[in-house]
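Letter by letter, the chains look like this.
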Amino acid sequence: MTYTARDEWEKHFSDGKNFRQVGERERELLAEHTPAPNVGGRALDVGCGTGELAAYLASLGYTVDAVDFADSALARAREEHADVEGVRWLHLDIEHDGPAPLHEEGYDLITLRLMYPFVQDRGRVLHRLGERLRDGGALVIITPVAEHTPQERRGIALDEDEIAVLTAGWETVERLDADGLAVLVLRGPCHAGTRAVEKRPTTAHALTGALAVVTDDAGRILLGRSRRGMLELPGGKTRGPEDFAAAAVRELAEETGLVADPADAYVVTMLVDDSHGIPRLTAVVRITAWSGTLTNPEPEKFARWEFFDLHALACVGDVFAPAAAAVDAVWPGVIPGLPPTASYPVVVDQPPVPGEPAEAVRLRRAMAGTVIARGWAVSAPVRDALRTVPRHRFAPEKDLKTAYDAGDVAIVTCRDEAGRATSSVSAAWLQADMIEGLGLEPGSVVWEAGSGGYNAELLAHVVGPGGWVVTSDIDEFVVRRARRFTAEAGSGRVTVVHGDAAHGAPALLVPRGGFDAIVITYNCRDVAPAWKDQLAEGGRLVLPLELGGYTRAITFQRTGDVLVAEKFTHCGFVRAQGAHARAAAVADLLDGQLQLRFEDGPAGSAEGLEEALRGRRHEISTGVTMGPGFYFGSLQLYAATTLPGFCRLAVAADQESSVVEIATGSDAPAVLSGASLAYLTYMQSRHSEEREWEWYVHAFGDQGPALGEKLAEAVRAWDRNVRGDGGASSDPAVTVHPAGTPDHRLPPGDVVDKNHCRVVVQWPGRDALLPSPVDRGEARAASGEGM
């Protein structure tokens, strides 16, 4: 019995045929080695057939999901075990269908009895099932063994090599015997760290070859388990004058039985390395279309061929080194920790390659639905972009559930040497909100600074066939990823370039009259003059601007030399690099227990402050209260932009403070004057039975009471003029002016001076032009900037 087609199995069960019955020894081993937890034990029986094993697991105390792809098997199971409680019979092809019907919280036990040898993509299926195990859970495979199976029936059994492959990477492996069947009990992580490995030494003076990168209709990559004990791509040496694309197509047919037209084969990269001291040149050939049935024409070289999920490639064990480098050439970063290889990308007009699982479509629609329901995507083009652009293909190292998270999760795709995020795919709601702020029309030309590919493709979808998107990044690795991902899954309307956005977009790519819109996707302490200069009159600029260290995604519209704010959204992005990179000035206190952070200027003098902090604390009630869940970001921003001497008082992440009432790793708005300091905190209201908190000021030093009263009065002014009756807060009017603009040409408001601009913040109730909270002229003189 070596069925592969579903209709063969349907006929098998409808004809009344069965598998080998579950033996007494199998039952004993399952009861002994995988007993049900005392509470809430849940099992998944994969390939349940007529349900005998599922019914037995239910008798052990498990709640069971029993799945099979044959309707006739499930019909018999429901009939033959109608009196069994705790079993849910599910029609599901575990190899090809999405996992939506399965239990989201995972399983304590997963069983595959007499069915694993019938799975084609065994590595992928095993990996996905392993990810669904709860802590302490077990995956049990019950299978015939080849050495005890007649030659004509070897298709239903596993040989020792295959058993070694499927057990690799598990924390514990128990191999038991049940009347000639191998019972494999696998526990712990199902992952084996991926590493690039070599074959035997070569005797040639140089090697040239081509590797074919092929994906199926679900976007999974084809890899072969070679007899050398590693995964490989289809490919091999070139013959005579044969070109690389033709060689890849030929090798694909010879090794896998799949047929491709050389016209659908694109050399995307040339790799140069060595094999045991012999130079090796490998062409990475992307196959965009193929036909045929996957077979194994060279069993002496390969044990099997199967398709793997891209996000699983970080934990599949040994991969032939050139194959690993080729995968990285197409999907940079999907396999971490590869040795350095010289890579020469080829400029090629590769068409996008289709392919995604149905589960991706379902999750994308769900993500879009959540973003739309929360009011972040209000226009039809943005809504359609969220539903259409395949987000997971721009974060291929992540599983689908993570890629389509509709919450506040940003998918980090690149980190620096210290582990800090330097590039990410932002939360979907924030991307939608910022794109809405751009006010795009069909045919618009947009520049995005801070590239990852996905946001650029959302923009390209919104502007339509007549529009264009230029996206840039300072990191060459991020640029390489974005170029490959937009080639793989893009619209063809995105140009990816390398450069520091602080200097603007490359001049040759700036349209006459400027871009219709510009979006910056990293935290900006300053507004580069080039952004205003390269923006068309009336165009919109959306950027995450820091004021006093608090970030807001602000939509500006250009009016002459002035940028006028239209909309604010609370957010956070990765820090700027290059010319815009600047660490906040910091003053350490009490042996590093506390820090004063000066986000928009040089560090103030902390001389004498430590003595004040050890002295008397003054407490000032503001009389301003808030309820649970209240958002006070508006108050923070108000304090940062209206109070001279503003700073942020922070407790170090690894410290606890007995001096100030601030949580570890957190900070609070503060003002500094000489050796005196006041900061803002809150505590449970003493005068209310409801859950209510009151804002208080704690102050230290001789000037503490007066300084604290200034901070308290700022809170009261914010409460009177900015905070609405319903708890919502008004946004200030904000304008950005060129650096050097004299005070008399600025509108009324508080001025925050940056290196390249003057930001005027006009809060309700504050009409006069007031001194800057930070005197940037003095800051530049102190730091030597501008000299």
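What counts, and where the lines are drawn
- Residues numbered from 1 in each chain as written.
- Predicted model: local features only at pLDDT ≥ 70, side-chain atom pairs only at ≥ 80, totals over all residues.
- Heavy atoms only, no water.
- Salt bridge = Lys/Arg side-chain N within 4 Å of Asp/Glu carboxyl O.
- Helix = DSSP H or I, 4+ residues; strand = E, 2+ residues; numbered from the N terminus.
- Buried < 20%, exposed > 50% of the residue type's maximum accessible area, 1.4 Å probe, protein only.
- Phe/Tyr/Trp six-rings, centres within 6.5 Å; stacked < 30°, edge-to-face > 60°.
- Lys NZ or Arg CZ within 6 Å of the ring centre and 35° of its normal.
- Contact = heavy atoms within 4.5 Å.
- Arc of directions from axis to C-beta.
- Pairing = 2+ DSSP bridges.
- Axes fitted to C-alpha atoms, helices over the stretch in contact; angles between N-to-C directions.
- 1 Å grid on protein atoms, 1.4 Å probe; cavity = no way out; pocket = protein on both sides within 12 Å on 5 of 7 lines; lining within 4 Å.
- Points joined across faces, edges and corners; volume = space filled by probe spheres on them.

Engineer: Just to check I follow, could you spell out the pattern of salt bridges for this structure?
Structural biologist: Scanning all chains against the criterion turns up 52 salt bridges. Residues aspartate 108 and arginine 134 are paired through a salt bridge, measuring 2.9 Å at the closest nitrogen-oxygen approach. Linking aspartate 108 in strand E4 (residues 107–113) with arginine 134 in strand E5 (residues 133–143), this pair joins segments that are 26 residues apart in sequence. What makes aspartate 108 buried here is its relative accessible area of 14%. Exposure remark for arginine 134: the relative accessible area of 23% places this residue in the partly exposed category. Among the salt bridges present, the one from glutamate 713 reaches arginine 720, with a minimum N-O distance of 3.1 Å. For glutamate 713, a relative accessible area of 33% translates into the label partly exposed.

Engineer: Sorry, what's going on with the packing of aromatic side chains here?
Structural biologist: The geometry of an aromatic ring pair is captured by two quantities: the separation of the ring centres and the angle between the planes. Taken as a whole, this structure holds 13 aromatic pairs when the rule is applied. For the ring pair phenylalanine 302 and tryptophan 305, a centre distance of 4.4 Å and an interplane angle of 40 degrees mean the geometry is tilted. Classification of phenylalanine 302 by relative accessible area gives buried; the value is 3%. Between the aromatic rings of phenylalanine 394 and tyrosine 454, the centroid separation amounts to 6.0 Å while the plane-to-plane angle is 55 degrees, which identifies the pairing as tilted. Of this pair, phenylalanine 394 sits in the loop between helix H10 (380–388) and helix H11 (400–403) while tyrosine 454 sits in helix H13 (residues 454–463); the two residues are 60 residues apart in sequence, bridging distant segments of the chain. Both residues of the pair, phenylalanine 394 and tyrosine 454, belong to the buried class. Above the face of the phenylalanine 320 ring, lysine 199 is positioned so that its terminal group lies 4.2 Å from the ring centre. Over the ring of tyrosine 550 we find arginine 648; its NZ or CZ atom is 4.3 Å from the centre of that ring.

Engineer: For this particular structure, what's the right way to read the environment of tyrosine 522?
Structural biologist: Note that tyrosine 522 resides in the loop between strand E23 (515–520) and helix H15 (529–533). Its relative accessible area of 9% is what places tyrosine 522 among the buried residues. Each C-alpha atom, one on tyrosine 522 and one on threonine 422, is 9.0 Å from the other, the two residues being 100 residues apart in sequence. What tyrosine 522 contacts, discounting residues up to four positions off in sequence, is Ala449, Ala501, Ala502, Trp531, Pro544, Phe573, Val574, Arg575, Ala576 and His580.

Engineer: Would you mind going over helix H6 (residues 160–167) with me for this structure?
Structural biologist: Since the α-helix advances by 3.6 residues per turn, residues separated by three or four positions end up pointing in the same direction. For H6, the full list of buried residues reads Glu162, Ile163, Leu166 and Thr167. Angular distribution of buried residues about the axis of H6 spans 125 degrees; they occupy a single face of the element. Each element contacted by the buried residues of H6 is listed here: helix H5 (122–130), E5, strand E6 (172–178), strand E7 (181–187) and strand E15 (302–308). The positive-phi residue at the C-terminal boundary of H6 is glycine 169, with phi of around 95 degrees.

Engineer: Explain the pairing of strand E9 (residues 207–213) to me, please; I cannot follow it from the model alone.
Structural biologist: Every regular strand shows the same layout, with side chains that alternate between the two sheet faces. Within E9, six of the seven residues are buried, leaving the element largely enclosed by the surrounding structure. Judged from the seven bridges that link them, E9 and strand E14 (residues 278–287) form a sheet pairing that is parallel. Looking at the pairing, threonine 208 lines up with leucine 281 of E14.

Engineer: Hey, could you run me through the sheet that holds strand E31 (residues 667–673) in this one?
Structural biologist: The strands that make up a sheet pair up through hydrogen bonds in the backbone, lying either parallel or antiparallel. Ordered in space as E27-E28-E30-E31-E32-E33-E29, the seven strands form an open sheet in which the pairing is antiparallel. Either end of the sheet is taken by a strand with one partner, and the two such strands are strand E27 (585–589) and strand E29 (617–626). Here the average twist between neighbouring strands, direction ignored, is 30 degrees. As defined by bridge partners, strand E30 (residues 646–651) adjoins E31 across five bridges and the pair is classed as antiparallel. Considered in E31, the bridge of phenylalanine 646 is made with valine 671. In this fold helix H18 (residues 704–721) packs onto E29, E31, strand E32 (676–684) and strand E33 (693–700), with an angle of close to 5 degrees to the strand it touches most, E29.

Engineer: How should empty space enclosed by the protein be read in this particular structure?
Structural biologist: Leftover empty space is mapped by rolling, across the atoms, a probe with the size of a water molecule. On inspection of all chains with the given rule, the structure shows three cavities of 30 Å³ or more. Approximately 90 Å³ is the volume found for the largest cavity. Taken together, Leu92, Ile94, Asp97, Gly98, Pro99, Leu102, Val125, Arg128, Leu129 and Arg132 make up the lining of the largest cavity. In this model, the second largest cavity occupies a volume close to 50 Å³. If you go around the second largest cavity, the residues you meet are Phe394, Thr413, Ser423, Ser424, Val425, Gly452, Val478 and Arg481. Of all the secondary-structure elements, those providing two or more residues to the lining of the second largest cavity are strand E19 (421–425) and helix H14 (476–489). Broken down by element, the residue count for the lining of the second largest cavity peaks at three residues, all from E19.

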